[in-house]
Amino acid sequence: PYPLSAVGNAGQYDAEYGNPNRVLVNNGLALSAKRDRSDQGYTWVSGYITTHGKFTFSSGYVQIRAQMPDSRTGGWGALWFLEGGGEIDLQESGYTGLGSSIVNQVMAANLHTTGNTQHLYDTGVDLSAGYHIYGMAYVPAKSVTMYFDGKQVAQYTSNVPTGAYTIIATLQMAQKASGWHTDVSRKTPSPLDMHISEIQVWTP
């Protein structure tokens, strides 16, 4: 349930409801979304994964090799972290803040604590066309730093949390998000997939 997943806001930004059956394991991991109205208030069903209750890290570096979904029509792939303090977003796909024509190139990162704002980075490549490495270094009370294919693209040093975090990956489907994100429509492919080949964590 929310806030440990995107579920819990029927009729708002999330068009999808999470279902373990949409987490597919076959030579890697796929989170797969498809049109489905079986859950009241939702028009899609999709896969999420979380390490809640199984694994946390209190400092160190997380590296995720992933292929984002095609986000031009509502796909909202996300790699993020909860429970240690403010939410940390390593990557959210589909943001239109750098132009609607390059949404598949945008890496959107954020640390949700006072004094910080979302950072949008144009990677220059189609993130849905292949795998890339998304990295996050967490130094409690000091810094949260984001990397794309080994290059630093964002850093936060204000109001950095101190707690232990869980790892979350979700394929959300956005609705009512016009102005900041693409929306699902009849043109949105079903199924729509996001792929993850590895998640690694190094801790001191």
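Quick caveat, the model's predicted, so the values are computed rather than measured.

Enquirer: Would you explain the overall build of the protein in this entry?
Expert: The helix and strand inventory of the protein stands at zero helices and 15 strands. Taking 204 residues into account, the globule formula puts the C-alpha radius of gyration at 17 Å, and the protein, at 16 Å, falls close to it. Buried positions account for 52% of the 204 residues belonging to the protein. By sequence separation, contacts in the protein at least 24 residues apart represent 66% of the contacts at least 6 residues apart. Of the roughly 9300 Å² that the protein leaves accessible, carbon and sulfur atoms contribute 48%. Here the protein contributes 12 positive and 15 negative side-chain charges, whose respective centroids are spaced 5 Å apart.

Enquirer: Sorry if this is basic, but what is going on with the packing of aromatic side chains here?
Expert: How two aromatic rings sit relative to each other is given by the distance of their centres and the angle of their planes. Scanning the model with the defined rule gives eleven aromatic pairs in all. For the ring pair Y61 and Y147, a centre distance of 6.0 Å and an interplane angle of 75 degrees mean the geometry is edge-to-face. One end of the pair, Y61, is in strand 6 (residues 60-67); the other, Y147, is in strand 12 (residues 143-148), and 86 residues separate them in sequence. Among the aromatic residues, those joined into a ring-pair cluster are Y13, W76, Y95 and W180.

Enquirer: Explanation requested: the environment of T188 in the structure shown.
Expert: The residue T188 is located in the loop between strand 14 (166-173) and strand 15 (192-202) in this model. Owing to a relative accessible area of 2%, T188 belongs among the buried residues under this scheme. Separated by 153 residues in sequence, T188 and R35 have C-alpha atoms that sit 9.4 Å apart. Ignoring sequence-local partners within four residues, the contact set of T188 consists of R35, W44, T73, M173 and D183. From its side chain, T188 meets the backbone oxygen of T73 in a polar contact 2.6 Å long.

Enquirer: Teacher, can you tell me more about the pattern of salt bridges here?
Expert: Pairing between side chains of opposite charge can happen when their charged atoms approach one another. Tallied over the entire structure, the rule returns one salt bridge. With its nearest N and O atoms 2.6 Å apart, the salt bridge here joins R72 to D70.

Enquirer: For this particular structure, what's the right way to read the sheet that holds strand 5 (residues 48-50)?
Expert: Each strand in a sheet pairs with another by means of backbone hydrogen bonds, the pair being arranged parallel or else antiparallel. Ordered in space as 5-14-7-8-9-10, the six strands form an open sheet in which the pairing is antiparallel. Both outer strands of the open sheet, strand 5 and strand 10 (119-122), are each paired with one neighbouring strand and no more. Strand-to-strand twist across the sheet, computed as the mean angle between neighbouring axes with direction ignored, equals 15 degrees. Sheet topology note: the strand 9 (residues 106-111)/strand 10 ladder contains four bridges and is antiparallel. Within strand 10, the residue paired with V106 across the bridge is D122.

Enquirer: For this particular structure, what's the right way to read the pairing of strand 15?
Expert: On a regular strand, one side chain projects to one face of the sheet and the next to the other, so that they alternate. One ladder, built from five bridges, connects strand 3 (residues 29-35) with strand 15; its direction is antiparallel. What sits directly across from L31, in strand 15, is M194. For strand 6 and strand 15, the ladder comprises seven bridges, and the chain directions are antiparallel. Bridge pairing in strand 15 places Y61 opposite W202.

Enquirer: Could you clarify how one ought to interpret the nonpolar core in this entry?
Expert: One broad rule of soluble globular proteins: the nonpolar side chains tend to lie buried together. Among the nonpolar cores identified, the biggest contains 38 residues, and L79, F81, L90, Y134, M136, V144 and M146 are the most heavily contacted of them. With four residues, the top contributor of residues to this core is strand 14. Residues in contact with M136, not counting those within four places in the same chain, are F57, G60, Y61, V62, F81, I88, L90, V144, T145 and M146. With five residues, the next largest nonpolar core counts W76, Y95, A174 and A177 among its residues.

Enquirer: What should I look at first to understand the environment of I49 in this one?
Expert: Mapped onto the elements of the fold, I49 is located in strand 5. Residue I49 is classed as partly exposed on the basis of its relative accessible area, which comes to 23%. I49 sits 121 residues away from T170 along the chain, and the two C-alpha atoms are 6.5 Å apart. Not counting the four nearest positions on each side in its chain, I49 is found in contact with V23, L29, L31, I167, I168, A169, I196 and I199.

Rules and cut-offs
Residues numbered from 1 in each chain as written. Predicted model: local features only at pLDDT ≥ 70, side-chain atom pairs only at ≥ 80, totals over all residues. Heavy atoms only, no water. Helix = DSSP H or I, 4+ residues; strand = E, 2+ residues; numbered from the N terminus. Rg over C-alpha atoms; globule rule 2.2 N^0.38 Å. Buried < 20%, exposed > 50% of the residue type's maximum accessible area, 1.4 Å probe, protein only. Contact = heavy atoms within 4.5 Å. Areas by Shrake-Rupley, 256 points an atom, 1.4 Å probe, with all protein chains shown as cover. Lys, Arg positive; Asp, Glu negative; His and termini not counted. Charge placed at Lys NZ, Arg CZ, Asp CG, Glu CD. Phe/Tyr/Trp six-rings, centres within 6.5 Å; stacked < 30°, edge-to-face > 60°. Polar contact = N/O pair within 3.5 Å; in protein donor to acceptor, adjacent residues only side chain to side chain. Salt bridge = Lys/Arg side-chain N within 4 Å of Asp/Glu carboxyl O. Pairing = 2+ DSSP bridges. Axes fitted to C-alpha atoms, helices over the stretch in contact; angles between N-to-C directions. Core = buried A, V, L, I, M, F, W, Y, C linked by side-chain atoms within 4.5 Å.

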